[in-house]
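# Residue-level structure breakdown
Letter by letter, the chains look like this.
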Amino acid sequence: HDPMQVNLALRKTLPDDQRFFFEAIMPSRDGWNAAFCCGSNSVTRRTAMRKAGDELPTGSITEDMLLTLVMVRHGYITRYLCERLAFGLAPESIKAFFVQRQRWARGAIQMLYLSEGPLGPGLSFIHRLLFLPTHWFTQSLLCLMSIVTPLIFLWTGLRPLVNVTVESGLYYIVPTVLALVGGISVFAERKYFPLAAQVLGLFQSLKILPTALATLVRPHGHIFKVTPKGAGAADISYEFGIFWTASALLLLTFIGLIANATPDWRIVQQAALVPLVAFWCAVNIVQLFLVCMMCLQLPVRRGEERFEIDEPMWLQDEHGGRTLARTTDLSLSGARIRLVTSPVEPIEVDALFRLYIRDVGNITGRVARVTGDNLGIQFDLPPSVERDLLIRKLFTSGLDTTAVTTSVWAASVGMIERIWLANPATHHAPATADAPIKEEKLPAQTLVLLPTSHAHTLSSMASERRASAA
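Residues numbered from 1 in each chain as written. Predicted model: local features only at pLDDT ≥ 70, side-chain atom pairs only at ≥ 80, totals over all residues. Heavy atoms only, no water.

### Observations regarding the pattern of salt bridges
Summed over the entire model, instances satisfying the criterion amount to 12 salt bridges. Between Arg84 and Glu23 there is a salt bridge, with the nearest N and O atoms lying 2.7 Å from each other. Note that Arg84 is positioned in the loop between helix 4 (63-73) and helix 5 (94-110) and Glu23 in helix 2 (residues 19-31), a separation of 61 residues in sequence. Among the salt bridges present, the one from Arg326 reaches Asp310, with a minimum N-O distance of 2.8 Å. Note that Arg326 is positioned in strand 3 (residues 322-330) and Asp310 in the loop between strand 1 (307-308) and strand 2 (312-316), a separation of 16 residues in sequence. Salt bridges sharing common partners tie together Asp16, Arg19, Glu23 and Arg84. (Salt bridge = Lys/Arg side-chain N within 4 Å of Asp/Glu carboxyl O. Helix = DSSP H or I, 4+ residues; strand = E, 2+ residues; numbered from the N terminus.)

### With respect to helix 4
Counting buried positions along helix 4 yields 9 of 11 residues, so the element is predominantly enclosed. Of the residues making up helix 4, those classed as buried are Asp64, Met65, Leu66, Leu67, Thr68, Leu69, Val70, Met71 and Val72. Buried positions along helix 4 lie against helix 3 (46-51) and helix 6 (125-130). Two residues or fewer past helix 4, Gly75 is found with a positive phi of approximately 90 degrees. (Buried < 20%, exposed > 50% of the residue type's maximum accessible area, 1.4 Å probe, protein only. Contact = heavy atoms within 4.5 Å.)

### Observations concerning helix 5
In a regular helix each residue adds 1.5 Å, so 17 residues correspond to 24 Å; helix 5 covers 24 Å between its end C-alpha atoms and thus fits that length. Of all the 17 residues making up helix 5, 14 are buried; the element is thus mostly covered by neighbouring parts of the structure. (Expected span 1.5 Å × (residues − 1).)

### Remarks on a nonpolar patch on the surface
The grouping of Leu161, Leu170, Tyr171, Tyr172, Ile173, Val174, Val177 and Leu178 at the surface amounts to a nonpolar patch, some 830 Å² of accessible area in total. On the secondary structure map, Tyr172 appears in helix 8 (residues 166-187). A relative accessible area of 59% means that Tyr172 is categorised as exposed. (Patch = residues over 30% accessible without salt bridge, like charges linked within 9 Å, V, L, I, M, F, W, Y side chains within 5 Å. Areas by Shrake-Rupley, 256 points an atom, 1.4 Å probe, with all protein chains shown as cover.)

### Overview of the pairing of strand 5 (residues 352-357)
Pairing of strand 2 with strand 5 involves 3 bridges; the strand directions are antiparallel. Within the sheet, the bridge partner assigned to Gln316 lies in strand 5 and is Arg354. Pairing between strand 5 and strand 6 (residues 361-371): 6 bridges, direction antiparallel. By the bridge assignment, Phe353 is partnered in strand 6 with Gly365. (Pairing = 2+ DSSP bridges.)

The following block contains the structure:
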């Protein structure tokens, strides 16, 4: 889950911000033969690579996008397959998020100075247009101006638009905004969420715009920074600069509204425009408040990604006693389980158990938490065949904990609720009652049957490990 989903507690209420790009923008670019490689989930034809110089272009730190332009000049097209075939990690912290997005912005702007870039020879007009990195500037400027413009009006009386009345604003400006947002929402149904897009755009603008402008002046000499992952991304601090900038803008907006609502303190002379600007400011206050909340990085409590899996399992204690349970979620580092049958003795923290997991086998674990019939188990799982089987079960079975399908209304309500609710309601789908738990019988001893080739592979891996250990 990305930082917005995590820090606003919207994992099951709001899709990740990349859905709009990968499921709306990229298929559309593909229609113009202008889709481009995005990271490692791509396949490049070897003959095409050899024709293009037999190496990745390194003039830009976004070499994947630059590779597409090199291929276009040699008569090849990058095709986008809009199917979920592989997982990619979202940035695991605010720090990782900005390392990633600043690298994207720098790399896209660097291409402007390269002969292989969008301004170099050998490209059609549509390819030049679609590969210009203008959005790194326009999106940031638009988000910032939408916040600053009403502030200037409230504190100086300078009107954002000349000779505009409330009536003309309602007749022309409001329908234009609704048509723009509504058009994109119809085109990218359940993928574009206006409030989330504005909040995320404003959040990243305060850092991305300076980076983009600096790269425009000095395009080269920047270090390639890999997006931090795992322990390197475990940052529990908060984004100092954005938090206090957004807080100051929020406070100025609020004070400006109060001052102009009082006749003795009013700065704005055209009082009829105050209600229209007040609505504008109310929307900005909500956005700024959510930006401040996004800046507060929640601690990373789990070392591995967890997948929701509901299936039976055996829990065997040190004395051989067995208890039937069901998994609630599962990861490489542990599991959350729910007891189905009562154990012979009460289960305590730090108790050791062997867990039988379907398609994996027996894994040793220690009880980390006990909450009623729910247990948190921490695995003791060194490199082994069981670990390999667990990796296969989690990452090659089509499991997806991040896919959220919801409506624009439900996502917006969930975000607004987050302002005063610690745990907002989940709006992506109506909740259903838990199905009655059946005590499924598991065999006392289970033999995992594998195809000969796979069994040979596992045997070879086990032999290699034993040899390396020796």
